[in-house]
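Structural overview
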Amino acid sequence: MIDTMILQPAVALMIWTMIMWVWMYATRIPAMNKAPDIEAPAKLVGTTGSELRSKLPEKVNWKADNYNHLHEQPTLFYAVTVVLAIIGAGDGPNALLAWIYVGLRVAHSLVQVTANKVMVRFVLFALSSVVLIALIGKATLILLV
């Protein structure tokens, strides 16, 4: 029996990722237009984000960094939530852990895109990693035992 409760936090993190996408471009495009050594954004050809990094303010780059981070470790989160939903273990404590993971990732994003305090980010990342490990561990125990 599929238990979809755990998919709610997964969708919430997807929504947050798209909010970060909007925030990233809402700051990046105006910064590109203001930068004296960047050709008009509409005329750029073959430029990568890494080439633009040195030409944009760090506070603008922080949003792009975070958007990229939301496509790294959270991919495991999405996978484990689907696995737990499919095996009927997506409710109760597992759903709560998933919401905790999402809350920690949103907090991590907000720290990174505003103050970008590395130790605060690290603590939030480490805590979210422990929660993710717990979810993966629970899925492993259910499937292998």
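Please refer to the structure higher up on the page.
Report on the accompanying structure. Just so we're clear, the structure is a prediction, and the values are computed from it rather than from any experiment. (Residues numbered from 1 in each chain as written. Predicted model: local features only at pLDDT ≥ 70, side-chain atom pairs only at ≥ 80, totals over all residues. Heavy atoms only, no water.)

**Some thoughts on the packing of aromatic side chains**
According to the stated counting rule, one finds three aromatic pairs in the structure shown. Between the aromatic rings of W21 and Y25, the centroid separation amounts to 5.5 Å while the plane-to-plane angle is 70°, which identifies the pairing as edge-to-face. With W21 and Y25 both in helix α1 (residues 7-34) and four residues apart, this pair spans about one turn of that helix. A residue is classified by how much of its surface remains accessible, and Y25, at 35% relative accessible area, is partly exposed. (Phe/Tyr/Trp six-rings, centres within 6.5 Å; stacked < 30°, edge-to-face > 60°. Helix = DSSP H or I, 4+ residues; strand = E, 2+ residues; numbered from the N terminus. Buried < 20%, exposed > 50% of the residue type's maximum accessible area, 1.4 Å probe, protein only.)

**Let's talk about the packing of α1 against helix α5 (residues 92-113)**
Viewed as axis vectors pointing N to C, α1 and α5 meet at an angle of 10°, and their least axial separation amounts to 9 Å. Considering the angle they form, α1 stands roughly parallel to α5. Between α1 and α5 the crossing geometry is left-handed. The segment α1 lies against α5, with Q8, P9, A12, L13, W16, M20 and W23 engaging A95, A98, W99, Y101, V102, R105, V106, S109, L110 and V113. When its residues are assigned to classes, the contact of α1 with α5 shows 14 nonpolar, two polar and one charged. (Axes fitted to C-alpha atoms, helices over the stretch in contact; angles between N-to-C directions. Parallel < 35°, antiparallel > 145°, perpendicular 65-115°, else oblique. Left-handed = near helix turned anticlockwise from the far one by under 90°. Contact = heavy atoms within 4.5 Å. Nonpolar A, V, L, I, M, F, W, Y, C, P; charged D, E, K, R; others polar.)

**Observations concerning the side chain of K63**
Position of K63 among the secondary structure elements: in helix α3 (residues 58-69). Nearest to the buried, unbridged K63 among oppositely charged side chains is D65, at 10 Å. Residues within four places of K63 in sequence aside, it is in contact with M20, W23, M24, T27 and V113. (Lys, Arg positive; Asp, Glu negative; His and termini not counted. Salt bridge = Lys/Arg side-chain N within 4 Å of Asp/Glu carboxyl O.)

None of this, on its own, says anything about what the molecule does.
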